[in-house]
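Examining the three-dimensional arrangement
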Amino acid sequence: MPSLQIDTVVKSYDSFTAIKGVSFTAEPGEFIVMVGPSGCGKSTLLRSIAGLETITSGAIRIDGRDITHAEPSDRGVAMVFQNYALYPHMTVAENMGFALKMAGRPKTEIAAAVAKAAKILRIEEHLHKTPKQLSGGQKQRVAIGRAITRAPDVFLFDEPLSNLDAALRSQMRVELGRLHAELKATMVYVTHDQTEAMTMATRIVVMNAGLIEQVGSPLDLYNRPRNRFVAGFLGSPRMNFIKGRIVAAGGRTVTIMAEGLTMPIQLQIEPDADVPAVGDVVTLGLRAETFGTGAPGQIAVPARVAVVESLGRETLIYADAGNLRTFDSESQDGYLAAHRSSQVMLRPGDPLTLSIDPAAFYLFDRNGETLRFPPVSS
Amino acid sequence: MTDVTQQGPLSPRGRRDMLSGAMLLPALALVSLFILAPAVYAIVGSFFEFTITSRNWVFVGFGNYVRAAGDPVFWTALRNNAFLIVGSAITQVGLGTILAAILDRGVRRGNAIYRTIIFMPVVVSSIAVAFVWILILDPNVGPLNAIVKSLGMRPPKLGWLGDPQISLWMLLVIAAWQNVGFQMILVLAGLQSIPKELYEAAALDGAKGLRAFRYITLPGIRNVLIVGTLITVVGGLKVFDLVFVTTGGGPANATQVLGTYSYLQAFRLGNMGYANAMSVVLLAIAVLFGWLQLRLSRKA
Ligand SMILES: Nc1ncnc2c1ncn2[C@@H]1O[C@H](COP(=O)(O)OP(=O)(O)O)[C@@H](O)[C@H]1O
Ligand SMILES: [Mg+2]
């Protein structure tokens, strides 16, 4: 189980730098998920690791061995592509055994490796079919099987589930988790889907515009995002962001007037954060599941139901709370997202009181750096 | 009762079948009129002796075929067709593939310009192409002679098209010049339909360069190559205008092909039946190749 080390990698195209100096290490046996919005350079970084792109500067090592300039086939990596990239004129078995055949391994060894991988992925009955006889999910299994037969040091996945339907996707998430536990291999998995990142990763690497925003375990990033970007990217529905201004500061305590709230909010700044100055613009963050039920000490906000998304046992409510609005979300029209872990009999237009627990607020400075995390409730 | 009418000839399904039949009708009519009818006419006519103007058909059974078997010029023509078929398959499909590969991979700038230039002769009529090459190959004023002389070598005394040792090769060159662009476009389309990701997966699997060509490219353009070869084969079988204009089948039948020889027999010597028999032989060979192509591409 080798480690993978990415050392200040830069990748520039003619006039555009896609990766602007990225470093991280995948420890042996880790399942690293690189997540970030479309176009942030995830695929480029993954393809650089695979040797499909030549990096501009930096180094890539596997188990200490510098592979920066090695041929793709000599790196000990296998890659699973988004569109499967199965060889259309070969059978499933031939697809899976192709790398071993190219390496000149004996037929019996290839057959054994293919059979073993097919068993792990439960595709034994498809070995003699050609790719066009398979469904999308089966194709993706074959693509994964092709990677397994090579027994690589590092598995690379580039959005392997994005062509599958929702049900199959969640099933494959579980299977990939099982596969990782079974193979105990080092894996790097790229996705723009925060759910995949949260559910599968041992550690998440959040990327944005060619840079790493934060690295950490899923819960670590969820609870203690370093900045507003990470806070907004992880978690569904998206965190509510409310504009505010510092009106008083004393010691590590600041007082904030939030847009749409009449009552000032007092918060403690983290010990290692810079105390903002009076008059600074800040952002308050509030996760959808933190809206309370009206206990004492909570702020009651009159609102009106805009959209109800019933998820069965749980309910998502998008609420129109007048001037109290989330400001950076693309789709919510400024509606606050509130999550109830119960069925709710509400219809659009119904009045509703949102209860906000001030202790649940995140606070971000004018540059988006986190000033305060709410305590983790369990 | 309504059930019965539903099942009747105007059920939705029946109506759909009738509609498809109606849509196919014009095409079927045209094919029957211009291809099937002449073919039947040729086959029937090949068992008779007659001239183009005579109303008088004399039944000769397989006589015209027997005559062909004993006619050395028929065999020369057939051999020349075979030569042009094999030669064209190699030059046109082969060269077309190489040019397509170069345009697909090697050329960064001006791709469209090269493509257009190489494709240009395809849209020019064979007659015009033939005249251009007659000029190029002219023993007195042709640029080829001038070039060969300036290189210190001697052009053929009897002329490029007049020397029986060379003339057929020249026809091969002209045909290649005219048609290589078509094959190139065909293969280029095939190459560009192969997803880039396949080459990347192959690179990771250890297949690059020639091995990527062998395992990814070749299977990917297999059907295109089969179709391209078939088109070349048919072209080599029915070649007429190019030969007719440049050499007329000469010198001394050195470039005689079945097309020109049937024409000679039919319209110069008045042996319509014999010409028909030769056309039927051509047709049989073409059908055989067509069937072969169907089988080959189905296997893929
Ligand atoms: N061959 C290329 N030439 C120029 N720019 C490219 C090339 N490939 C990718 N890019 C750019 O690099 C950025 C990152 O791309 P990519 O790694 O594919 O993003 P992601 O996988 O995160 O969606 C994008 O802005 C993309 O337009
Ligand atoms: Mg991508």
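Cut-offs applied
- Residues numbered from 1 in each chain as written.
- Chains lettered and ligands numbered in written order.
- Predicted model: local features only at pLDDT ≥ 70, side-chain atom pairs only at ≥ 80, totals over all residues.
- Heavy atoms only, no water.
- UniProt positions renumbered as here; feature names shortened; annotations may be inferred.
- Buried < 20%, exposed > 50% of the residue type's maximum accessible area, 1.4 Å probe, protein only.
- Helix = DSSP H or I, 4+ residues; strand = E, 2+ residues; numbered from the N terminus.
- Near = heavy atom within 4 Å.
- Polar contact = N/O pair within 3.5 Å; in protein donor to acceptor, adjacent residues only side chain to side chain.
- Areas by Shrake-Rupley, 256 points an atom, 1.4 Å probe, with all protein chains shown as cover.
- Nonpolar A, V, L, I, M, F, W, Y, C, P; charged D, E, K, R; others polar.
- 1 Å grid on protein atoms, 1.4 Å probe; cavity = no way out; pocket = protein on both sides within 12 Å on 5 of 7 lines; lining within 4 Å.
- Points joined across faces, edges and corners; volume = space filled by probe spheres on them.

Named according to an unreviewed UniProt entry, chain B is Sugar ABC transporter permease originating from Ferranicluibacter rubi. The Sequence similarities (unreviewed entry) comment attached to chain B in UniProt states, word for word, "Belongs to the binding-protein-dependent transport system permease family." Per its UniProt entry, chain B bears the Subcellular location (unreviewed entry) comment "Cell membrane".

In the nomenclature of an unreviewed UniProt entry, chain A corresponds to ABC transporter ATP-binding protein from the organism Ferranicluibacter rubi. Per UniProt, chain A has the following entry under Subcellular location (unreviewed entry): "Cell inner membrane".

1. Let's talk about the pairing of strand 17 (residues 336-340) of chain A
Summarising burial for strand 17 of chain A: 5 of the 5 residues are buried, a large majority. Residues of strand 17 of chain A alternate between two faces, with A:Leu336, A:Ala338 and A:Arg340 on one and A:Ala337 and A:His339 on the opposite face, all of them buried.

2. So, the site of ligand 1
Residues and elements named next belong to chain A. Neighbouring residues of ligand 1: Tyr13, Phe16, Ala18, Pro37, Ser38, Gly39, Cys40, Gly41, Lys42, Ser43 and Thr44. In this structure, a nitrogen atom belonging to ligand 1 sits 3.3 Å away from a side-chain N or O atom of Tyr13. Across the complex, the protein chains shield 59% of the 560 Å² of accessible surface that ligand 1 would expose by itself. Among the elements that take part in the shell around ligand 1, helix 1 (residues 42-50) stands out by supplying 3 residues, more than any other. Of the residues contributing to the shell around ligand 1, the split by class is 5 nonpolar, 5 polar and 1 charged.

3. With respect to empty space enclosed by the protein
Counting across every chain of the model gives 2 cavities of 30 Å³ or more. In this structure, the largest cavity occupies an estimated 70 Å³ of space. Looking at the largest cavity, the residues that line it are A:Ala78, A:Met79, A:Phe81, A:Ala143, A:Arg146, A:Ala147, A:Arg150, B:Ala201, B:Leu204 and B:Asp205. Put simply, the parts of the chain that give the lining of the largest cavity at least two residues each are strand 6 (77-80) and helix 4 (136-149) of chain A together with helix 9 (196-205) of chain B. Residues of the lining of the largest cavity, tallied by class, amount to 7 nonpolar, no polar and 3 charged. A:Leu121, A:Ile144, A:Met172, A:Glu175, A:Leu176, A:Arg178 and A:Leu179 together form the lining of the second largest cavity. In terms of residue count, the dominant contributor to the lining of the second largest cavity is helix 5 (residues 166-183) of chain A (5 residues). Among the residues making up the lining of the second largest cavity, the classes are represented as 5 nonpolar, no polar and 2 charged.

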